Amino acid sequence: MNAAVVQKAIDPVRLLGRWVCLEPMVAHHAAALAVVGLHPELWRLQPRPICTHADMVAYVAAALSDAQAGLGLPFVICDRQSGEVIGSTRFMDIALAHRRLEIGATWITPRWQRTQANTEAKLLLLSHAFESLAVQKVVFKTEVLNTASANALARIGATQEGVFRQHLIADSGRVRDMVYFSILSSEWPTVKAGLLSRLAPAAN
């Protein structure tokens, strides 16, 4: 893996879709994220609840620290028309030597759930990962209890690889069983076609 590709992977990048835009996260986004991101249901199955503005500031700071170390690339999800921040997502666990990364830490404020926002955000991230960064594998993980997330990953064409039992521990001490999914570069054309098909009705 040459240095140019490594640098490209960890540099912030703006990803534009028809309905959403993924903007590189910066510290001042914490305020906008706190406005839309303090709903308890967003964090019920996450390792650390985000309950206050200060919690969100710390959440953003941790994401930016990982980015500085080359381990992640966090984004805010914005409505393309209004520019409103509606959620967050990121590349994480970047392992360029193995041409692998994870998409995770994704959440969208309840008012924008069950819209095209999450589907297009996934399309933008996956397109960048496979077509610009030339990874061979994108990983997703979710808690076994989060059946909605697992079902959503299956719907976009990700393959369930298995369950890692007692794999993580939440700040509360709750033990978390995690289910892993992945998409391979050879599967990407089919997955991409499916995502575009799911977005097509919204264009009518």
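Quantities reported herein were computed from a predicted structural model and do not represent experimental measurements. (Residues numbered from 1 in each chain as written. Predicted model: local features only at pLDDT ≥ 70, side-chain atom pairs only at ≥ 80, totals over all residues. Heavy atoms only, no water.)

Focus: the overall build of the chain
Right, so step 1: Each helix and strand counted, the chain has seven helices and eight strands in total.
Right, so step 2: In terms of C-alpha radius of gyration, the chain reaches 16 Å, essentially the compact-globule figure of 17 Å for 204 residues.
Right, so step 3: For the chain, the spread of C-alpha atoms along the three principal axes comes to 40 × 40 × 35 Å.
Right, so step 4: Counting only residues that meet the buried cut, the chain has 43% of its 204 residues in that class.
Right, so step 5: Of the roughly 10,400 Å² of accessible surface on the chain, 54% is carried by carbon and sulfur atoms.
Right, so step 6: Looking at charge distribution, the chain has the averaged site of its 20 positive side-chain charges lying 4 Å from that of its 16 negative ones. (Helix = DSSP H or I, 4+ residues; strand = E, 2+ residues; numbered from the N terminus. Rg over C-alpha atoms; globule rule 2.2 N^0.38 Å. Buried < 20%, exposed > 50% of the residue type's maximum accessible area, 1.4 Å probe, protein only. Areas by Shrake-Rupley, 256 points an atom, 1.4 Å probe, with all protein chains shown as cover. Lys, Arg positive; Asp, Glu negative; His and termini not counted. Charge placed at Lys NZ, Arg CZ, Asp CG, Glu CD.)

Brief notes about the side chain of E102
Right, so step 1: Within the secondary structure, E102 sits in strand β5 (residues 100-108).
Right, so step 2: For E102, the side chain forms a polar contact with the side chain of K141, separated by 2.9 Å. (Polar contact = N/O pair within 3.5 Å; in protein donor to acceptor, adjacent residues only side chain to side chain.)

Quick look at the nonpolar core
Right, so step 1: Within the largest apolar cluster, 38 residues are counted, with the highest numbers of intra-cluster contacts made by F91, L101, L126, V138 and F140.
Right, so step 2: In terms of residue count, the dominant contributor to this core is helix α5 (residues 116-132) (eight residues).
Right, so step 3: For F140, the residues in contact, after removing those within four places along its chain, are E102, I103, K122, L126, L153, I156, A158, V179, Y180, F181 and I183.
Right, so step 4: Counting residues in each nonpolar core, the second largest holds 16 residues, with L33, A34, L42 and V76 among its members. (Core = buried A, V, L, I, M, F, W, Y, C linked by side-chain atoms within 4.5 Å. Contact = heavy atoms within 4.5 Å.)

Structural notes on the environment of R80
Right, so step 1: By secondary structure assignment, the location of R80 is in the loop between β3 (72-79) and β4 (85-95).
Right, so step 2: In this structure, the C-alpha to C-alpha distance between R80 and G173, residues 93 residues apart in sequence, is 39 Å.
Right, so step 3: With residues up to four places along the chain from it excluded, the contact list for R80 reads L16, G17, R18, W19, V20 and C21.
Right, so step 4: Of the polar contacts made by the side chain of R80, one reaches the backbone oxygen of G17; its length is 2.4 Å.

What to know about α5
Right, so step 1: For α5, with 17 residues, the first-to-last C-alpha span of 23 Å sits near the 24 Å given by 1.5 Å per residue.
Right, so step 2: With 13 of its 17 residues buried, α5 lies for the most part within the structure.
Right, so step 3: N-capping of α5 is provided by T115, with a side-chain oxygen placed 3.1 Å from the backbone N of A117.
Right, so step 4: Looking one or two residues beyond α5, the residue adopting positive phi is A134, at roughly 60 degrees. (Expected span 1.5 Å × (residues − 1).)

Focus: the sheet that holds strand β7 (residues 159-169)
Right, so step 1: Here eight strands make up an open sheet; going across it, the order is β1-β2-β3-β4-β5-β6-β8-β7 and the pairing mixed. Both edges of this open sheet fall to β1 (15-16) and β7, since each of them pairs with a single strand only.
Right, so step 2: Running at roughly 115 degrees to β4, helix α2 (residues 29-36) makes contact with β2 (20-24), β3, β4 and β5 of the sheet.
Right, so step 3: Against the sheet, α5 makes contact with β1, β2, β3, β4, β5, β6 (137-143) and β8 (175-184), and its axis sits at roughly 160 degrees relative to β5, the strand it touches most. (Pairing = 2+ DSSP bridges. Axes fitted to C-alpha atoms, helices over the stretch in contact; angles between N-to-C directions.)

Side note on unusual backbone geometry
Right, so step 1: For D93, which is not a glycine, the phi torsion comes out positive at approximately 45 degrees.
Right, so step 2: Relative to the assigned elements, D93 resides in strand β4.
Right, so step 3: According to the relative accessible area criterion, D93 is partly exposed, its value standing at 46%.
Right, so step 4: The residue A105 is not glycine, and still its phi comes out positive at about 50 degrees.
Right, so step 5: In this structure, A105 sits in strand β5.
Right, so step 6: For A105, a relative accessible area of 28% gives the class partly exposed.

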